[in-house]
Structures are given as structure tokens and as C-alpha cells.
Amino acid sequence: MSGHMNLTLKVWRQKNKETRGKFVTYKADDISPDMSFLEMLDVVNEGLTRKGEDPIYFDHDCREGICGMCSLHINGRPHGPKEETTTCQLHMRSFHDGQTIVIEPWRAAAFPVIKDLAVDRSAFDRIQQAGAYVNINTGGVPDANAIPIPKDVADEAFESATCIGCGACVAACKNASAMLFVSAKISQYALVPQGQTERYSRAQAMVAQMDEEGFGSCTNTGACEAECPVGIKLTNIARMNREYFTAKFFKQEEAH
Amino acid sequence: MLDSKIPAGPLAEKWSNHKFHLKLVNPANKRRFTIIVVGTGLAGASAAASLAELGYNVKAFCYQDSARRAHSIAAQGGINAAKNYQNDGDSVYRLFYDTIKGGDYRAREANVYRLAEVSVNIIDQCVAQGVPFAREYGGLLDNRSFGGAQVSRTFYARGQTGQQLLLGAYSALNRQIHAGKVEMFTRHEMLDLVTIEGQARGIITRDLETGAIESHAGHAVLLCTGGYGNVFFLSTNAMGCNVTAAWRAHKRGAFFANPCYTQIHPTCIPVTGDHQSKLTLMSESLRNDGRVWVPKTVELAQKLRKGEIKVTDIKEEDRDYFLERKYPSFGNLVPRDVASRNAKQMAEEGRGVGKTGLAVFLDFAEAISRLGEDAVRAKYGNLFDMYYQITDENPYKQPMRIYPAVHYTMGGIWVDYNLMTTIPGLYALGECNFSDHGANRLGASALMQGLADGYFVIPYTVGDYLAGLGFAPVDKNHPNFEKTRLEVEGKVKQLLSMKGSKTVDDIHKKLGHIMWEYCGMARNEEGLKKAKGLIQELRKEFWSDVTVLGENEELNLSLEKAGRVADFLELGELMVDDALNRRESCGGHFREESATEDGEAKRDDENYSYVAAWEYQGDNQPEVMHKEELIFENVKLTQRSYK
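Keep in mind that what you see is a predicted model, and the values were worked out from it rather than measured.

A. Quick look at the overall build of chain A. Regarding its fold elements, chain A presents 8 helices and 7 strands. Seen through its C-alpha atoms, chain A measures out along the principal axes to roughly 60 × 40 × 35 Å. Within chain A, the fraction of its 256 residues that count as buried is 61%. Approximately 10000 Å² of chain A is accessible, and the part contributed by carbon and sulfur atoms is 51%. Taking the average place of the 27 positive charges on the side chains of chain A and the average place of its 33 negative ones, the gap between the two points comes to 5 Å.

In C-alpha cells, the structure reads:
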């Protein structure tokens, strides 16, 4: 176990959506390797507050790697240097004494910066609202065991369903494409029987909304998969393309 | 004065009979009503979606940037339901009985029975939504036994059940947003409740992004705002979890019930230092194979803490497997409160481990030699990985260190059988209310309650209230909206004017220490009285020496935290009052004056078989306690024993 570290931070500061941002340099001294990355920022913020300076705004909530609220581009990588790890689960032992750390918000036209390191990811919500559900009301559904699903199919759907909606895939992509995020949800429903009745209209509606939000196209570089903190696979994108083109081929009902 | 409105008749028929007698709102008239839902966790998202499906107009609010991020998302273990799919003797009655007993007989029979009854519908609903629960090879749903239950009734999705259930409810919510029936407000925080002639008619919110203080009118308001565990500063709650919405409603007349009932979970990753911001829970299933111990002597523990010896240097005869020693029949599987209390006691004796001394060992060496490392990995691999990632210690090679942490709050806003608070038109659902878990919550029951309230209780009960209201829209020009909004603005301005020397976190951490030390898992009169004084002093310090930076018209971290901590300071004092009043050991907490001869918890049914519901009386006035006697017609009260 190494000792405490002194670090230099270059942090993106931006007052709001309208103003231009810039990098500001801060010292982070006496940082324990046992701190999480966000706890290190907490310490910096406490210091700034004591000096009467505006603390750095960043999104975070559960700090368990599951809510998907934390983000941060750290030294050029979404969620920092450690694979399959969210920023909140990244610990300072992944850095070394004297290191300079550059911290930026997600960079994508569809994710405008609202302050400092926080961006507006409501585009993701709108894509889900376009069709990421089964059209059923509460009550009046069959018994749970009346819908048997082979274990391997259920497990595969689960793997797709574990996406935390953080937006790292978009931030990692040179085109700012949201294909990994969208395809994970489309896949989850395409795999299981509950999703079959609206399978094609769902794919069309969600893709249409994705395009409307201004995300870029997929050019198969695979950066999204490499940077995804929960290991969502590229095969989802292949499945989504299949769903989308099949939908066009069969000219299913218009997307609603 | 408190009318719980429990329906008459046999236990198993109460809910069916009650549903028949509840008034209905004609389908065409539902669109004439607006319902406000605050919070989008399991309770809030399921309620908002279900009510919108029925035709009501819904306005839903959350402080996060998306409804999907509410802290229900972090629940790991699973969700109970009395499906009896395993043919192992489960039934609605057995789930009811286990839940009443688990709550140490401090919950209402009728509410708990209804919870068990609708549990089966929840699983059907979630599966129909496409929630990917774990399955067996035959394609049917898998179950596991959880939290010491003798039947396998827990449905799960690996260690991410809360995530999958919340995403299911979020999908139903999204469908209604798309249909235009739910208007969603993200990054909005409720800062007050508007009442007109005693009825809840709206809320005042702050848009966290722009700072706009806004009025929202509705015919009913549903608080689905979760628990208040962050009063302890460190807890397994998310950083943003807070009591503000519930507390401001309390100050407008909603009684707060059993605030001292908190649940402390024994298997969390210990604190590493003052910088610590939150605690991470590991599933208590670890205690099925892990053995809990500390060094037998203080000297050995000291050497270990200083790094003079390694854990592997401590001989078998120098280890104290204290749970096995004290509770030979249950051993390491004693309930959460017993395991937690004993771990804290070891630390207080000076036998704690780790750099801070605030930890005990959870050792898998015996399990690894008995089952092999691969078998242990298959069972607990993800938990071991998480532990390794956070602590940088390999639990396959050396014992884990664990320590208790605040996890859940059983207390909350008082509600009647219809989930209505003491303010007509104001409802509380999920962890935010007090109703179903008594003095202790069973594992895998929180998810069940949140979804039961939202999908299957509120859609029936809210209609009964609305049907008696008349169709007139709520008048947003009523002077009470303006009055309440100005009060909120005044409070925000007051906070922003504070330029002292302490940060909000300084005060919050101090509050956390007081609550943990004196109003945590073990309490006594002397300590509680001391805590009350300390909290009052701390409150003065907050209002005289805290600094809040920035302006209202921006994302302002300092301002958000300051408002929440101001409310935690008031709640903390009420928790202490409630703990002082309850001179019995019960459920999750141990009152030192109420112990058996061998030092175990002793419940006092004769004097404390009631719900303590507190009524706010104004700033700095002692609150008035109202009793709701608990009547048990179906179960026989027994004392717990784990010896």
C-alpha cells in the first residue's frame, strides 16, 4: 500500500449552458489511495468552500456503481483508467504521486454541459420514452410462471438490461453515437417473449428518436464496448441493426 | 385522534372488502384530477405509471437527472413474494407472519397481511414488463431463501434486483410520459407542501438547474421520497437521499411515526478515514459461510492495527469467534441487529481490527478449505470482487473486514390503511412511510413494499378520496400558494446569506457522529439526553457559523446540501426524543435499560405495543406524541431468542 499523494488537477469549469468553459488548475494534496475518485473531489471541494470559492459541480448519487449518475472524462477516458469501473468505484490507488489528472465532462452535442462537469443526458430518457417498454397496464397480467423463458435467453436479456445509462458509450465514441445504449434496451425486449408483439415498431421508434436527438452514426470502432463500465457487448448493436432492417422490410406498423 | 381506518372483518378478507367499499372515480372523470408524485423510486415510479394508466393526470418529480437513478436502483438481494412456486410450504399467511414477527410486533396486522397478499401480483406484473428475473433450466422462475427465511420465496436478478425492478417501473413511467399522461420534472426538489383549508393541494419545488422556485397544484400529493438514513452522514443510502420533502410535510401537519426505528446492516465495508462519503453494503448472505472474529486480547488487536503482526500470525486459540461463542445455536447467522451490536461492542472493547479499529473480521478460510476456492467463488464471486476493488485486499487470501452501517429506516410519515397521512390528500408510500416493517425490516421486503404501495394499493385508495372532492381544479392563485412560495424563497435567501467558517459537511459529519454514538443500535437514557443537548448546540452552530456559497440561479451544491442538513438537524432531535420515550429494546435497536438477565434485548409489550406518532408544534417547541395502539388478533407475541 502506497502513501498519500499530491496531485495536480486540470478541471473543466463552466458556469452554465450559455457561457464558455475553461480548464482551471487545482492542487489536491495529501490524497489517500483508499479514497474513491469522487471522495478526492469532495476533499478538493471542501477546501474550495473554505476559501470561499465555488465548488466543482459533478453528477453523482449512489456511489456504488449502479445508478449511472456519475460521469467524468478522466485523462481522456470515460470513467477513468480502470476497465469496467464507474468513476465512483475508481480509487485513487489507480493514480500515482505527482500525477496531473485532466477532468472533463462528457463531450457530445446531444449532451450539453449544464455546469462544470455535469451534462444534460435527458436525450437518453426521451429515447426510452419512444418505445422502451411493453404496452401493458398494471393488473390483468398472466401468472409469472405462465411465461417460461429458457435460462440462457433470460440470462442474455439480463446482460443487456444491466446498462446503467451513464452515457460513457457516447462519450467514448468519436462520432458521439448512442448505438450501444439504444441497442442494449432493444435487445433486452427483442430476446424475451414479452417484447415480441411490438418488437419492430419499438426498434423503429427508438432509432428515430435517437437520430432526432443528434447522436452520431456507428462506424464500428468498438470504443463504446471498451469503455462501458458494466460490460455491455457490441453484439447488441448487431442485433439492433437486424431488428431495425427487418422492421423496414416487413413494413410493420408506423412507429408511434 | 389517530384513526388507522383498518377495515373490519377477518384478516384475509379485509383488503377485498375494503376495495369494494372504496368509492370509485368514473373513467371519464379521472382526467379532471391531477396527482403529484414526489420521488421516482419503486414506490413513486410504480404509482405514477399506474395512476396515469387509470386516466389521472400525473406530475412526477425527482432530484436526480433521470427518474431511473432513484436509490431503489441499488438494492441487491431480491424481492419476496408468497408464490409458493417451490412447493415448500409458503403462503400469504406465512409471509404475513414472518414479516410481523420480523418487525418484532410493532407493525399493523392488516397492513402487513395486505402486503403479503399483493406480493404475488407484483411478480406477475414485473415479469409481464420484461424484468429479467433469474430462471431455472426449465424456464420457470428461480427462488432463493433470504435473510434466514425457512422457505425460498425471494425472486432475484443476480445481485441487481433493485436495478431491474426500478427499470421495469421506469419503463411503465416512460410509457405514460410518452402518452402525455405524466409530466416529468427531473432535477427538481420539493421544498414545501401547500395546504388549503387543511387539505394537501400542491407543492413548492426548486429547479436545481435554474434555481426557479415553482408552485405545482394537484388534488392529491404522494410522497415517495425514501428513507432518512443520511441523518447519520454515513450510510448505504445514495448521497442525495434526504428527508426534506417528508420533513417539510411534517411541519405542515403530517405526523412522523417511530423515527427512532432504523436498521443497521452488519456486513458493510468499513470506513477508511474522515474523507469517507458513504458506505457500501455487501449481501448478508456472506454470513452463511464466513466466520466472524476478532483477536482475543486488546494487545493482539493493537499490534495488528499498528501493522506489527499480520492477521495470519494470529493463532487459532487467540481468535474469538464471538458470535459462535455467545449464540451457539445461530452462530454467525444471528439477525442483523444482534450481529451489528456485537461488532460495535468488540470495537468498543478495543478489539476491533483494521487501521481505524472500527471493523471485525469475516473469515472464509474455513469455507475455502471445506468447499474449495472455486465453490466459494461461484457463490460469492461478485461480492469478493467488489470488496477487492474497494479495499485492495484479496478476500480469498485474508479475512474480509466488515462493520455495521445504517441501511434502512423503518420509521417515517404516519399513514392510515389507505396510505393517507394526517393531512387529507397527502399520502406517503414506500420507505417514506412507517407502515409495514414495524421495528425491523426483513431482507427482500423493501422492494416488495415499495411496489405494493405503488402498483396495487394507491390506485385504489386515492380514488376514494378524490371521489369526494368535486371536480373543481385546484386554484393556483389561492393566497396559500404565494405565501408558501415566499416562505421557501425566504429560507433559500437566508441560507445563501450565511458566510461562516464551517462547511455544511462539517456540521453533517458531527451530526452523524452524535446519532451513531447515542441513537444508533444501542441507546440509553443518559446518552440520549446528552445527544439532545449536543444536537441543539450543533443546530445553533449551523445557523450561526456555516458557509453557503454561490447564488440561487444555478446548480448550487452548497445550497442543496445546506437545506437538507438543516432538516436533518431537526429530525435528529425528534429521533432522540422518540428513542428516549421508547424505554424498551425492540427490533433493530437495543435500549440498555431494557435487557434480559444475560444482556439480550427485552421487548416490553405491556407498555410499548404502540406506534409513536409525533405532531409538530412550531419551531423549537417539543413535539406532541400520539399513540396508535397495536392490536394483535391473529398472531401471538413471542420474545426472540437466538441463544
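B. Broad picture of the side chain of threonine 280 of chain B. Note that threonine 280 of chain B resides in the loop between β11 (262-268) and β12 (291-295). With residues near it in sequence (within four places) discarded, threonine 280 of chain B still touches Arg63 of chain A together with Cys268, Ile269, Met386 and Ile390 of chain B.

C. Focus on the pattern of salt bridges. Counted by the stated rule, this structure contains 78 salt bridges over all chains. The salt bridge partner of aspartate 124 of chain B is lysine 83 of chain B, with a shortest N-O separation of 2.5 Å. Residue aspartate 124 of chain B is found in helix α5 (residues 109-129), and its partner lysine 83 of chain B is found in the loop between β3 (79-80) and α4 (92-102); the two are separated by 41 residues along the sequence. Judged by its relative accessible area of 10%, aspartate 124 of chain B is buried. Residue classification places lysine 83 of chain B among the buried residues on the basis of a relative accessible area of 13%. Residue aspartate 363 of chain B is joined to arginine 319 of chain B by a salt bridge in which the shortest nitrogen-to-oxygen separation is 3.3 Å. Of the two residues, aspartate 363 of chain B sits in strand β14 (residues 360-363) while arginine 319 of chain B sits in strand β13 (residues 319-320), which places them 44 residues apart along the sequence. The exposure class of aspartate 363 of chain B is buried, given its relative accessible area of 7%. For arginine 319 of chain B, a relative accessible area of 13% corresponds to the buried category. Each of the salt bridges in this network shares a partner with another, and the network as a whole consists of Arg13, Lys15, Asp54, Lys115 and Asp116 of chain A together with Glu551 and Glu554 of chain B.

Thresholds applied
Residues numbered from 1 in each chain as written. Chains lettered and ligands numbered in written order. Predicted model: local features only at pLDDT ≥ 70, side-chain atom pairs only at ≥ 80, totals over all residues. Heavy atoms only, no water. Helix = DSSP H or I, 4+ residues; strand = E, 2+ residues; numbered from the N terminus. Buried < 20%, exposed > 50% of the residue type's maximum accessible area, 1.4 Å probe, protein only. Areas by Shrake-Rupley, 256 points an atom, 1.4 Å probe, with all protein chains shown as cover. Lys, Arg positive; Asp, Glu negative; His and termini not counted. Charge placed at Lys NZ, Arg CZ, Asp CG, Glu CD. Contact = heavy atoms within 4.5 Å. Salt bridge = Lys/Arg side-chain N within 4 Å of Asp/Glu carboxyl O.

As far as function goes, none of this settles anything; it's purely spatial.
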